[in-house]
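Single-letter residue listing:
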Amino acid sequence: MSVMSDAPIDLRSDTVTRPTLAMRRAMADAEVGDDVLDGDPTARRLEAMVAERLGTEAALFFPTGTMANQAAIGLHTRPGTEVLLDADSHIVQWEMAGTAALAGVQVRTVRPSGRVMSAADLAPYTRVTSIQAAEISLVCAENTHNGAGGVVTSLDDLRALQAVARAANLPLHLDGARLWNAAAATGTSLAEFAGCANTVMVSFSKGLGAPVGAALAGSTADIARAMRIRKRLGGGMRQSGILAAAAIYALEHHLDRLPDDHAAAKRLAQAVDGIGGATVVPPDTNIVMIDLPTASAEAVSARARAMGLRVSAWTPTRVRAVLHLDAPPALVVLAGAILARALEETLLS
Ligand SMILES: *Cc1c(COP(=O)(O)O)cnc(C)c1O
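Keep in mind that what you see is a predicted model, and the values were worked out from it rather than measured. (Residues numbered from 1 in each chain as written. Predicted model: local features only at pLDDT ≥ 70, side-chain atom pairs only at ≥ 80, totals over all residues. Heavy atoms only, no water.)

*Asks:* Would you mind showing me how to read the site of the ligand here?
*Replies:* Close to the ligand lie 13 residues, the nearest being Gly65, Thr66, Asp175, Arg178 and Lys206. Contact distances for the ligand include 2.6 Å between an oxygen atom and a side-chain N or O atom of Thr66. Within the side chain of Arg178, an N or O atom sits 2.9 Å from an oxygen atom of the ligand. A total of 380 Å² of accessible area belongs to the ligand in isolation, and the protein chains cover 87% of it. It is helix α3 (residues 65-76) that contributes the most residues to the shell around the ligand, three residues altogether. (Near = heavy atom within 4 Å. Polar contact = N/O pair within 3.5 Å; in protein donor to acceptor, adjacent residues only side chain to side chain. Areas by Shrake-Rupley, 256 points an atom, 1.4 Å probe, with all protein chains shown as cover. Helix = DSSP H or I, 4+ residues; strand = E, 2+ residues; numbered from the N terminus.)

Right, dumping it as structure tokens:
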């Protein structure tokens, strides 16, 4: 359990986890240096661990996943070009139009025919048929896909996306904030997934439970340029080893428990599916999306909150619950009962 957790059961996101005592101790004990001047030894160690696990030449520690994604976009594109990506991507929905404001690129969103963008969905967009159309510079994929509900893109499907990008001479950036979950759910290795992309972002502050942090992994040349962009974005961190130590601790102690979150998500989905006409697609990973027959997500979330459970009203007809390491099995059983009651009271009254 977390330090100082007297709050209700909070399943709004896997970002709400608090650093454990052991993680805080690892942070306190971290060996540090000035990472902007001549390097922080603990940040270097984390970057080497990430590069090794993802099978890339290099990796770079970032304060946030958003900054790492935006650095990747800056790295692969030129102003006045276009990025192709799933319409419901984190980069489109939750990064403050950084593509336009920082890199000067336009997003061309691909509407997926299924739950997430496939190679067949992407292919028609890669053909530039007119000299009056913008040049395309990059394809981005997201795995697992947050907005779609923690949906996994399989290795075969990711390879197919890579093939479409390659055929059009385009680099592929993978927003893998929850790539850890995709690997845990499928048995595909992180390196196999990462091998499909030119650059990969992974986050430490979601299911891994670190307070902040992400990494961008890729070739030595790309990561050297990403370092310069990171500095420009204000992401040059001095004694960053304090934060990197939390991420190292998370990789060493919290990665192996992600299947527990996936099992808990399935149990929560079963506990509420069908109640009052709500439907739940069985979750691939740790995110549960509950679709309601009426626009009552705010009401369901307010009722659940009054009973001690926090969930998100993701859209007017969709409630989201995310499982994580601060929601142990006994609490998940309770959460399922509370959410079922909130659905019943809202939808059947
Ligand atoms: C959370 C998230 C990010 C951004 O990470 P921050 O560290 O919160 O900036 C990017 N992509 C996806 C898919 C995410 O879920």
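*Asks:* Can you help me understand the pattern of salt bridges in this one?
*Replies:* Close approach of charged atoms allows side chains with opposite charge to pair. Here the structure, examined in full by the defined rule, presents 13 salt bridges. Residue Arg115 pairs with Asp284 through a salt bridge whose shortest N-O separation is 3.7 Å. With Arg115 in the loop between β4 (106-110) and α6 (119-122) and Asp284 in the loop between β9 (279-280) and β10 (287-291), the pair connects residues that are 169 residues apart, well separated along the chain. Close ionic contact of Glu345 with Arg303 constitutes a salt bridge, the shortest N to O distance being 3.5 Å. Of this pair, Glu345 sits in helix α14 (residues 329-347) while Arg303 sits in helix α13 (residues 297-306), and the two are 42 residues apart along the sequence. Several salt bridges share partner residues, and in doing so they unite Asp35, Arg44, Glu47 and Arg230 into one network. (Salt bridge = Lys/Arg side-chain N within 4 Å of Asp/Glu carboxyl O.)

*Asks:* What should I look at first to understand the sheet that holds strand β6 (residues 172-176) in this one?
*Replies:* Note: strands within a sheet are paired through backbone hydrogen bonds, in either parallel or antiparallel orientation. The strand order across the open sheet formed by seven strands is β2-β8-β7-β6-β5-β3-β4, and the pairing between neighbours is mixed. The sheet terminates laterally at β2 (58-62) and β4, the two strands that pair on one side only. Here the average twist between neighbouring strands, direction ignored, is 20°. Sheet topology places β6 next to strand β7 (residues 199-203); four bridges connect them, and they run parallel. Residue pairing for β7: His173 is matched across the bridge by Thr199. Each of β2, β3 (82-86), β5 (136-142), β6, β7 and β8 (214-218) is contacted by α3, which is oriented at about 175° to β7, the strand it contacts most. (Pairing = 2+ DSSP bridges. Axes fitted to C-alpha atoms, helices over the stretch in contact; angles between N-to-C directions. Contact = heavy atoms within 4.5 Å.)

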